[in-house]
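One letter stands for each residue in the lines below.
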Amino acid sequence: MTDQVRQLLEQGFRLGGETTISSPKPYEAKWISRWRVDRVFEAHPDPGRRKFFICVPYSYQNGPLHLGHGFTFTRGDAVARYMRMRGYNVLFPWAWHWTGEAVAGTSERLKKGDESVKRMLLEIDGVPESLLNNFTHPEFICAYYTAENRKVVDAMGWSVDWSREFHTTDLHPYYSRFIEWQYHVLRRNGLLVQGRHPVVWCPKCQSATGDHDRLRGEGIYPEEYTMVFFELDGVKLAAATLRPETIFGVTNVWIHPDGVYQVVERNGVKLLMSREAVAKLGEQLGLGKVVKEMNGHELLGKYVRSPFTGRAVPILPAKFVDVSLGTGVVYSVPAHAPYDYIAVKELRNNPGHLREKGLDPKLVEVIQPIKVIETPGLGEHPAVDAVEKAGITSQLDERLEELTREIYSKEFYSGKMVVEEFRDVSVSVAREKVIERLKQNGDGDVFYDLSGKVICRSGDECIVKIVDDQWFLNFSNTEWKARVKRLISSMNVYPEAARTWLLNVVDWLHDWACTRKTGLGTRLPWDPSWIIETLSDSTIYPALYTISKILNKFPEKAAKLGVEVFDYVFLGLGDPRKLAEKYGLEQEHLESMRREFLYWYGVDLRVSGKDLVANHLTFYLFHHTGIFEERHWPRGVAVNGMITIEGNKMSKSRGNFVTLKQALARHGSDATRLALLLSAEDLDDPDWREKAAEEAGAFVKNFLTIIEKIANEASDDEGPCDEWLLAATDRSCEIVSENLEKLKTRSACSEAVYGMLNNWRWYTRRNRDRITRAAKVFAEKWILILSPFAPFAAEEAWEKLGKKGYASLQEWPKPSTGSERGRVIFSEMVLESLLSDVREVLGLVKGKPVEVKLYRAAGWKHEAAKVMLSSQESNGFEAVKRNRPELLRQDPSTIRKIADNIRDLTQKASSLTEQPAALVAQLLEKETNLLKELADFVKHELNIETTLHGEEDATGDREKTKAKQALPLKPAIYVVAK
Ligand SMILES: [Zn+2]
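The structure displayed is predicted, hence computed values, not measured ones. (Residues numbered from 1 in each chain as written. Predicted model: local features only at pLDDT ≥ 70, side-chain atom pairs only at ≥ 80, totals over all residues. Heavy atoms only, no water.)

Our focus in this paragraph is the overall build of the chain. Looking only at helices and strands, the chain features 37 helices and 35 strands. Principal-axis analysis of the C-alpha atoms gives the chain an extent of 110 × 80 × 50 Å. Going through the 978 residues of the chain one by one, you find that 57% of them count as buried. In the form shown here, the chain has an accessible surface area of approximately 40,900 Å², with 48% of it arising from carbon and sulfur atoms. One finds the centroid of the 133 positive side-chain charges in the chain at a distance of 2 Å from the centroid of its 137 negative side-chain charges. (Helix = DSSP H or I, 4+ residues; strand = E, 2+ residues; numbered from the N terminus. Buried < 20%, exposed > 50% of the residue type's maximum accessible area, 1.4 Å probe, protein only. Areas by Shrake-Rupley, 256 points an atom, 1.4 Å probe, with all protein chains shown as cover. Lys, Arg positive; Asp, Glu negative; His and termini not counted. Charge placed at Lys NZ, Arg CZ, Asp CG, Glu CD.)

In C-alpha cells:
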C-alpha cells in the first residue's frame, strides 16, 4: 500500500466528518450542521423512559448509496423520528459493511484493465479520475465510499446517532473481536459444523461464491445429479439425470449432434461425456486424462446397453440437450418426461432429417413410451398427455419447462413405482435405492451441478466444488429452526403478509457455508485460513451498537478484547472486576456497557428491502435465537419493495442508476424524501419519477410560504372556519399516527402533505382569506406531523414561526378538539359537496345566471328522514313503511330518494364516528344554519345573488317542479337566468 493510499484511508476511516454535499437548498445544510453540533440524535439509556431501538441493514461499501437505499432508509428514519416525538428514547445507529469479495472483485477487474468497470466508476459512481489508481486496493474502495456516503446520510436528514458508528472487517479496531466472539458462541452452542459439502465455487477467487458475490445467477445452488452409465464398446456413456428412478422407462439416449464429446479416464474406467462437462467436473469427479475426442454426430445411431434392464437403446440427436449442463448426455423417458416425448415425436415426423444424418427412421418408429410410475390424477403416460393437451410441437417450446416441473413434483410426492423390482414403492424411496444399486454395481455415481450459469463478481464462471473442511452454519438443525419459527410467529411483522414468507424461508433453508478463502472480513479465530463471509458477519451487529459508543472511546484497548469480555457484556457471564483488571479497563466501563446492552436490546424494529427476506433477514433471526437470551430477541421487522426508475428496474447496465447524491443535487433532501415516501408502501415496489420529485419540491416551497404567511399575518380573531380547521387538523394528525404505527409510510406521508394542504385550502376559502387564530395552531401541528417526512422544511418552518428548540425534538401533537370534532368536520363535508352541486347546476344553465334559489325540503320529508335515522332498520323505506305508513301516502318515490340520500350521508359519516346516523341526525337538526352558510358561501365564492326558501314558497310551474325535488340536507337548486 502506498503512503498516499494509507493517508486517504485514514481520512476515510475517520469517524464523523464534515458535510459538504451539494444541495440546492441552503437551509438544509444549515440544519445538518446544527443537528451535528448539538448531537441532537445521540441516544443515552434512560431507565425512566421507554426505549425504541430501530435499525436498517448497514450498506455495503462497494458503491454510492442510491435511491433503493434512499427508500428503505428514509422509511426507517420517518419511523425513528415519529417515535422520538412520541416520547420514546430512540436509538437509530449507523455503520458500514466492508466484508466480502465484491470489492475485491472490482479491484481485480480494474487491475486487469477492465474498461467497463472503469467507466462505471467514473461515470456512474462519480469517482474522481485522480483517485482511480487507488481503487486497485479493496480497502481503499470501502474507505472512499464510506467517506462519501457518510455525507449522504447527513444530507438525507437521517436522524442517526453517529457516536456509535463503525465499519466491519479486521481493518477496524474492534469489529473483528466482536465477530470472533459471535463465532465462538455459535460453536459453543453446537450451531457451527464442519464438513464435506458442495459449494458454488469461483476458480479465480479460489473461494465459495455466495449470492451477494455474484454478478449473475443469484439463488442458484448445487443440485444432486445422478450419472447413469450406458455401456458402449468398453466405454461408459455417462447420462445425467435428476430422476434416476425413471431408468426403467428408457427408450434411447440423447446427445447434441453438434456437441464435442470426450472419453476420459476415471479410476481405470473410461467415461464419455461432453467436453464442457469434463472441464467442469474434472476436479469434482477426479477425472484423469482425456483419451479421445469426437463430434456428437459420430455417436448417432449406435446402440448402448442400459443398466438394470440390459436393454439395448439407440443414441439419437436432440437440440434441447445442453452440453454445458450435467454431462451433456441425457437418457430418454418419453412416458414421464415432456422434452423426451416431443423430441421423439419431432424425429418421427421428419424421417428425412434422420436420413440426412445417415440414420434409419425405423430407429425412432419402434419407440413406445414405457410406464414406470403410477400417480393419482395423472394418466397412463403423463408426459404424452401433458404435451398433447398443451398443443406443443417443438422441443424448444418454453412451456415444456413448466410441464416438466409439474409432472416431476406430482410423481415425486404422490407417485408409486409400477416396475417389478420396486412395485408400490414411493418415488422418493425408489430413487435412493436406485442410486445405491448403481453405485454398488459400478453403473453410475452422483455429482453436483448448477441448474444455470453463475458468474462471480470477479467476472469468472463458477463451478461446483466439494470442499472437505468448509464451515457451515447449521441452519438445517430442526431445533434451531423451531426456535426461529417461534420468534417469527410472535414478533411484529410489517406487512403481515411477510410473516408466512419468512416462515417458508426458514423451512427450506439449508446449512450455510459461512467461510471463504479470500476477500475482506474477519478470520475464523480457531482456523485463520478461513474468512467469515459477508452475510454471516452481518447478523447480530445491532448488539454491537449498544456498546460501540463506549468502545469508540478507547479503540486501542478495544482491539484486544477477548471472548470473555463480550460474554460478560452480552450474556452476563463472568466477573467484571476481574475482567477490568485483565484487560486494563475501568470496571465502570464494563458495567456501563452491560447496562447499555440490557437497556437497548432487542431491536424493536428492523426495516429492510424484500430482497433480503430470503437471506440476510432470516440469518438475522437465526443468529439472534442461537446466541442471545429470549428477552433480547428481535421484536419487529418491516419489509418493503424494490425501487424502479420511471417504471424500469434500476441497474447500472441499463443506464438508469440514480445515486442519492445526484437526487440530492437536483431536488434537495426534503423533496427527495417525499418523492420516495409517497411512491409506495407495504410490499409494493416504489417507483422514482423525476416529475414527482419536482412536485414534491414545489410542495415544500409552498409549505414554507404558507407558514411564513401565517407567522406574519395571523390575527387573534376568530373566523367562521376556525373550529373546523382545528378539528380537521386533529383528524389529519390521527391519520398520520395510525398509519405510521402500521408502517404505512406512504399513507401517513400523503396525509401530512396533501391532507393538510387541503385543510389549509378549504380554510382560506371559507375564511375568505382572513388568517385567524386557529391558523397558528394549524401551522404548529402541520410542522410537527410533517417533520418525520420532510425534517429540514419542518425545522425551517419552526424557526419562522418563532418557536424555540428543534421541531425534531418536539412532542407529537395532541388533539385540541374533543367529541364535537366529527360534527364539525361532517358539516363542512356536506357543505363542500352541496357547493359543488351548485357549481354543477350553474354549469348547465343557458344564459347568464342572475340568482340562485335554494329550496329547503318540506316538513314531512324531514319527518321521514328522522324516522330513517332513528330506526335500526338498514332499509330507510321499510322503516318509514313500518313506523309512519301515513307518510308513504305523500309520495313513495320521494321517500325512496330520501332513503338513498340518507344512506349516502350515513356512509360518509361512518369514516368519522362509530355512530354515523346520530351525526347525520345532528346535522339535520341544524339544516337551516347549514343552508344559510351555503347561501352566503355561494354568494361570496361565485359572486352571485343567492337566496334561501321553503319548498312550499315556490311560484310558477317550473320553479314549483324544481322545488319539489328538495330533500333533507339536499336542497333543490333553481337558477334564475337572463
Ligand atoms: Zn471470483
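We are not done yet, so read on.
What follows covers the coordination of the zinc ion. Taken together, the protein donors to the zinc ion comprise Cys-202 (SG), Cys-205 (SG), Cys-456 (SG) and Ser-458 (OG), at separations of 2.2 Å. Coordination at the zinc ion comes from four donor atoms whose angles at the metal span 93 to 116°, giving a geometry best classed as tetrahedral. Donor residues for the zinc ion sit on one chain with the sequence pattern C-x2-C-x250-C-x1-S. Residue Cys-202 is located in strand S6 (residues 192–202), and its partner Cys-456 is located in strand S21 (residues 455–456); the two are separated by 254 residues in the primary sequence. Neither Cys-202 nor Cys-456 differs from the other in exposure class; each is buried. (Donors = N, O, S within 2.8 Å, 3.2 Å for Na, K, Ca; no water. Tetrahedral: all angles 85-135°; square planar, octahedral: opposite > 155°, others 65-115°.)

With that out of the way, let us pick up the domain arrangement of the chain. When cut into domains, the chain gives domain 1 (3–190 + 479–509 + 520–644), domain 2 (192–214 + 455–473), domain 3 (223–449), domain 4 (678–821) and domain 5 (838–977). Centre-to-centre separation of domain 1 and domain 5, based on C-alpha positions: 63 Å. (Domains from an automatic or database assignment.)

Attention shifts here to the pattern of salt bridges. Opposite charge on two side chains permits pairing when their charged atoms draw close. For the coordinates displayed, the defined rule picks out 78 salt bridges. The partner of Arg-266 in a salt bridge is Asp-445, and the shortest N-O contact between them spans 3.0 Å. Of the two residues, Arg-266 is situated in strand S12 (residues 260–266) and Asp-445 in strand S20 (residues 444–449); the sequence distance between them amounts to 179 residues. The two residues Arg-266 and Asp-445 agree in class, both being buried. Of the charged contacts, one joins Arg-689 and Asp-687 as a salt bridge, the two residues approaching to 2.8 Å between their closest N and O atoms. Connected via shared salt-bridge partners are Lys-30, Arg-34, Glu-796 and Glu-799. (Salt bridge = Lys/Arg side-chain N within 4 Å of Asp/Glu carboxyl O.)

For the rest of this paragraph, the subject is the sheet that holds strand S1 (residues 51–55). As summarised here, the arrangement of the five strands in space is S3-S1-S28-S29-S23, forming an open sheet in which the pairing is parallel. Each edge of the open sheet carries a strand with a single partner, namely strand S3 (89–91) and strand S23 (492–494). Averaged over all pairs of adjacent strands, the angle between their axes in this sheet comes to 15°, without regard to strand direction. Where S1 lies against S3, three bridges are found, and the strand directions are parallel. (Pairing = 2+ DSSP bridges. Axes fitted to C-alpha atoms, helices over the stretch in contact; angles between N-to-C directions.)

Right, let's get into unusual backbone geometry. With an omega dihedral of -10°, the bond running from Tyr-494 to Pro-495 counts as a cis peptide bond. Of note, Pro-495 is situated in the loop between S23 and helix H16 (497–508). The linkage connecting Tyr-601 with the following residue, Gly-602, adopts the cis geometry, with an omega of -5°. One can find Gly-602 in the loop between helix H21 (587–600) and strand S28 (605–609). Its identity as a non-glycine residue notwithstanding, Leu-969 has a phi of 65°, on the positive side. Topologically, Leu-969 is positioned in the loop between helix H37 (957–964) and strand S35 (972–977).

Here we take up helix H19 (residues 563–571). Among the nine residues of H19, seven are classified as buried, and the element is accordingly described as predominantly covered. What H19 keeps buried is the set Val-565, Phe-566, Asp-567, Tyr-568, Val-569, Phe-570 and Leu-571. The inward-facing, buried residues of H19 abut helix H7 (175–188), helix H17 (542–551), helix H20 (576–583), H21 and helix H22 (613–627). (Contact = heavy atoms within 4.5 Å.)

Below, the discussion takes up the packing of aromatic side chains. All chains considered together, the criterion is met by 56 aromatic pairs. Considering the side-chain rings of Phe-178 and Phe-570, the 5.8 Å spacing of their centres and the 70° angle between planes classify their relative orientation as edge-to-face. Of this pair, Phe-178 sits in helix H7 while Phe-570 sits in helix H19, and the two are 392 residues apart along the sequence. Here the aromatic rings of Phe-570 and Phe-628 are separated by 6.2 Å at their centres, their planes lie at 90°, and the arrangement is edge-to-face. One end of the pair, Phe-570, is in helix H19; the other, Phe-628, is in the loop between H22 and strand S29 (636–640), with 58 residues separating them in the sequence. With relative accessibility at 0%, the residue Phe-570 sits in the buried group. Classification of Phe-628 by relative accessible area gives buried; the value is 5%. Here the basic side chain of Arg-34 rests over the ring of Trp-31, its NZ or CZ set 4.5 Å away from the ring centre. Cation over ring: Arg-606 sits above Tyr-620, and NZ or CZ is 4.7 Å from the ring centre. (Phe/Tyr/Trp six-rings, centres within 6.5 Å; stacked < 30°, edge-to-face > 60°. Lys NZ or Arg CZ within 6 Å of the ring centre and 35° of its normal.)

What follows covers the environment of Arg-36. Within the element layout of this structure, Arg-36 appears in helix H2 (residues 26–37). Its relative accessible area of 23% is what places Arg-36 among the partly exposed residues. Taking the C-alpha atoms as reference points, Arg-36 and Ser-159, separated by 123 residues in sequence, lie 9.8 Å from one another. At a separation of 2.9 Å, a polar atom in the side chain of Arg-36 contacts the side chain of Asp-154. (Polar contact = N/O pair within 3.5 Å; in protein donor to acceptor, adjacent residues only side chain to side chain.)

Let's shift gears to helix H36 (residues 927–942). Here H36 contains 16 residues, and its C-alpha end-to-end distance of 22 Å stays within 8% of the 22 Å for a straight helix at 1.5 Å per residue. Inspection of H36 places Glu-927, Leu-930, Leu-931, Leu-934, Ala-935, Phe-937 and Val-938 among the buried residues, and these make up the whole buried set. Packing partners of the buried residues in H36 comprise helix H27 (745–766), helix H30 (821–844), strand S33 (849–856), helix H31 (859–870), helix H35 (916–925) and strand S34 (945–950). Where H36 ends, the next residue or the one after it, Asn-943, has phi of about 55°, a positive value. (Expected span 1.5 Å × (residues − 1).)

Pairing in this open sheet of three strands is parallel, and the strands run S2-S4-S5 from one edge to the other. In the strand order of this sheet, the two ends are held by strand S2 (59–60) and strand S5 (161–167), each with one partner. In this sheet, strand S4 (residues 93–97) lies alongside S2 in parallel orientation, the contact comprising two bridges. Each bridged residue has a counterpart across the sheet, and for Ser-59 the counterpart in S4 is Trp-96.

Among the structural elements, Gly-358 can be located in the loop between helix H10 (351–356) and helix H11 (362–365). Once the C-alpha coordinates of Gly-358 and Gly-584 are considered, the two residues, 226 residues apart in sequence, prove to be 86 Å apart.

This paragraph deals with the packing of helix H34 (residues 892–909) against H35. Relative orientation of the contacting elements H34 and H35 amounts to 115°, with a least axis distance of 8 Å. Here H34 lies roughly perpendicular to H35, going by the angle between them. In this structure, H34 meets H35 at a crossing whose hand is right-handed. Contacts between H34 and H35 involve Ile-902, Leu-905, Thr-906 and Ala-909 on the former and, on the latter, Pro-916, Ala-917, Leu-919 and Val-920. (Parallel < 35°, antiparallel > 145°, perpendicular 65-115°, else oblique. Left-handed = near helix turned anticlockwise from the far one by under 90°.)

The next thing to look at is the side chain of Arg-516. If you trace the backbone, Arg-516 turns up in strand S25 (residues 515–516). Ignoring anything within four residues of it in the chain, the contact list for Arg-516 reads Glu-101, Ser-207, Ala-208, Thr-209, Gly-210, Asp-213, Ser-529, Trp-530, Ile-531 and Glu-533.

Next up on the list: the environment of Val-838. Position of Val-838 relative to the elements: it lies in helix H30. On the accessibility criterion, Val-838 (1% relative accessible area) is buried. When the C-alpha positions of Val-838 and Tyr-974 are compared, they lie 9.1 Å apart, and in sequence the two are 136 residues distant. Residues contacting Val-838, with those up to four places away along its chain left out, are Val-852, Leu-854, Val-938, Leu-942 and Ile-973.

The next point concerns the state of the cysteines. Within the structure shown, the criterion is met by zero disulfides. No disulfide involves Cys-721; its sulfur sits 16 Å from that of Cys-733, the nearest cysteine. (Disulfide = S-S within 2.5 Å.)

Let us now look at the packing of H19 against H21. Interaxial distance between H19 and H21 falls to 8 Å at its minimum, and their mutual angle equals 45°. Looking at the two axes, H19 sits oblique to H21. Residues Val-565, Tyr-568, Val-569, Phe-570 and Leu-571 of H19 form the contact with H21, whose participating residues are Leu-590, Glu-591, Met-593, Arg-594 and Phe-597. Split by residue class, the contact of H19 with H21 holds eight nonpolar, no polar and two charged. (Nonpolar A, V, L, I, M, F, W, Y, C, P; charged D, E, K, R; others polar.)

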